[in-house]
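Structural overview for review
Here is how the chains run, residue by residue.
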Amino acid sequence: MRNSFYIKQTPSTNQLAWERNREHVLPEGYFIYTDFQLAGKGQPGNAWESYEGKNILFSIVLRPLQLPMEELFLLSQLVSVAIKKSLDIKISNITVKWPNDIYWNDKKLAGILIENSLQGDKIKMAVIGVGLNVNQVVFESNAPNPVSLMQITGKRQNRKNLLQLITQNIIKLYNEMDIVKIRSDYSGSLYRKDGFHLFKDDNNSFKAKIFDIHPDGQLELETETGERKEYYFKEVQFIL
């Protein structure tokens with residue numbers, strides 16, 4: 001694939017992207033993919049389990065200087081929507097669990113990790129790492145609810161074709177940069193977007209519905225009594 005770099009194994013594709021960019025500036029849309037990550041990362045504090053040669057593991061480089069810091073969450077929304085669009089042609093019931101986990105029913109199919117380099121109040125460079133469970137059927141970590149495409153469909157998937165489709169969709173949405181549509185598609189794709197569900201914060205458990213997603217990624221919930229609560233990532237959890 002053009003504008004890409006394959007390595008059989010690496011500690012982390014995100015880490016490798018930053019290292020290679022220090023050696024020479026990587027072009028926008030450049031992506032690195034691997035069969036195995038020795039130290040794959042999820043969100044801070046979390047590891048990502050993946051058997052060698054079974055899943056899609058890649059990082060893509062973007063340079064969204066047109067996006068001010070307060071619009072940073074748009075990248076997360078864009079990539080989430082692009083992955084969902086790519087998977088929708090294969091299976092149904094794909095949603096985005098706030099902020100950017102890709103779910104099938106109540107199980108986690110993919111995760112996204114975005115790391116940024118800033119220049120003043122602009123995003124100089126973003127490295128977006130994606131881990132998608134494709135052909136792995138045994139999960140040994142303590143992750144509570146992983147699932148793979150092969151488990152869902154019963155069929156082995158072509159990882160290379162799916163990787164190409166996902167990266168093409170990311171670049172297409174990025175080049176179009178239709179902010180209103182990206183936000184609308186993201187909101188329409190949200191996990192448990194309808195009705196009241198159980199959540200947990202530092203104080204207690206409660207039932208609420210998703211009321212809004214703010215441009216900076218803040219989640220606004222509305223309880224059954226009409227109280228509004230606002231949370232950033234890690235401040236509230238879905239009770240599955």
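Residues numbered from 1 in each chain as written. Predicted model: local features only at pLDDT ≥ 70, side-chain atom pairs only at ≥ 80, totals over all residues. Heavy atoms only, no water.

**Some words on the overall build of the protein chain**
Each helix and strand counted, the protein chain has five helices and twelve strands in total. Rg of the C-alpha trace for the protein chain: 18 Å, near the compact-globule value of 18 Å for 240 residues, within the 12% margin. Each principal axis of the C-alpha atoms in the protein chain carries an extent, and together these give about 55 × 45 × 30 Å. Relative to its 240 residues, the protein chain shows a buried fraction of 49%. The contacts in the protein chain between residues at least 6 apart in sequence include a share of 64% that link residues at least 24 apart. By element, 49% of the accessible surface of the protein chain is carried by carbon and sulfur atoms, the whole surface being about 11700 Å². Between the centroid of the 30 positive side chains of the protein chain and the centroid of its 28 negative side chains there is a distance of 8 Å. (Helix = DSSP H or I, 4+ residues; strand = E, 2+ residues; numbered from the N terminus. Rg over C-alpha atoms; globule rule 2.2 N^0.38 Å. Buried < 20%, exposed > 50% of the residue type's maximum accessible area, 1.4 Å probe, protein only. Contact = heavy atoms within 4.5 Å. Areas by Shrake-Rupley, 256 points an atom, 1.4 Å probe, with all protein chains shown as cover. Lys, Arg positive; Asp, Glu negative; His and termini not counted. Charge placed at Lys NZ, Arg CZ, Asp CG, Glu CD.)

**Quick word on the packing of aromatic side chains**
Scanning all chains against the criterion turns up nine aromatic pairs. Ring plane angle 50 degrees and centroid distance 4.9 Å describe the contact between Y103 and Y191, whose orientation is recorded as tilted. Placement of Y103 in strand 5 (residues 101–104) and of Y191 in the loop between helix 5 (179–188) and strand 8 (197–201) is noted, with a sequence separation of 88 residues between them. The pair formed by Y103 and Y191 is uniform in burial state, with each residue classed as buried. Seen from their ring centres, F199 and F238 are 4.9 Å apart, and the 45 degrees between their planes marks the pair as tilted. Within this pair, whereas F199 is found in strand 8, its partner F238 is found in strand 12 (residues 236–238), the two being separated by 39 residues in sequence. Take F199 and F238: they sit in the same class, and that class is buried. (Phe/Tyr/Trp six-rings, centres within 6.5 Å; stacked < 30°, edge-to-face > 60°.)

**Considerations on the environment of N135**
Relative to the helices and strands, N135 resides in the loop between strand 7 (122–132) and helix 3 (149–153). The exposure class of N135 is buried, given its relative accessible area of 4%. Between the C-alpha atom of N135 and that of Y51, which follows or precedes it by 84 residues, the distance is 9.1 Å. Of note is the side chain of N135, whose polar atom sits 2.8 Å from the backbone nitrogen of Q157. (Polar contact = N/O pair within 3.5 Å; in protein donor to acceptor, adjacent residues only side chain to side chain.)

**What about the sheet that holds strand 5?**
With respect to topology, seven strands assemble into an open sheet ordered 1-2-3-7-6-5-4, the strand pairing being mixed. The open sheet has two edge strands with one neighbour each: strand 1 (4–10) and strand 4 (94–97). When strand polarity is set aside, the average angle formed by the axes of neighbouring strands in this sheet is 20 degrees. Two elements, strand 5 and strand 6 (residues 107–119), share three bridges in a ladder whose sense is antiparallel. (Pairing = 2+ DSSP bridges. Axes fitted to C-alpha atoms, helices over the stretch in contact; angles between N-to-C directions.)

**So, the pattern of salt bridges**
Under the definition given, this model contains eleven salt bridges. The salt bridge involving K193 is made with D194; its shortest N-O contact spans 3.2 Å. By relative accessible area, K193 is classed as partly exposed at 35%. Connected via shared salt-bridge partners are K85, K181 and D185. (Salt bridge = Lys/Arg side-chain N within 4 Å of Asp/Glu carboxyl O.)

**Details of the pairing of strand 2 (residues 31–37)**
A large share of strand 2 lies buried, amounting to six of its seven residues. Two strands pair when backbone bridges link them, and strand 1 and strand 2 are joined in this way by six bridges, in the parallel orientation. The partner of F5 across the bridge, within strand 2, is I32. Taken together, strand 1, helix 1 (residues 13–23) and strand 2 constitute a β-α-β crossover, and its handedness is right-handed. Examined bridge by bridge, strand 2 and strand 3 (residues 56–62) share four bridges and lie antiparallel to one another. Paired with Y33 across the two strands is F58, which belongs to strand 3. (Right-handed = clockwise from strand over helix to strand, strands pointing away.)

**What to know about the environment of K8**
Inspection of the secondary structure assignment puts K8 in strand 1. Residues K8 and E222, spaced 214 residues apart in sequence, show a C-alpha to C-alpha distance of 47 Å. Setting aside chain neighbours within four positions, we find K8 in contact with T34, D35, F36 and E52.

Purely spatial values, then, with no claim about function.
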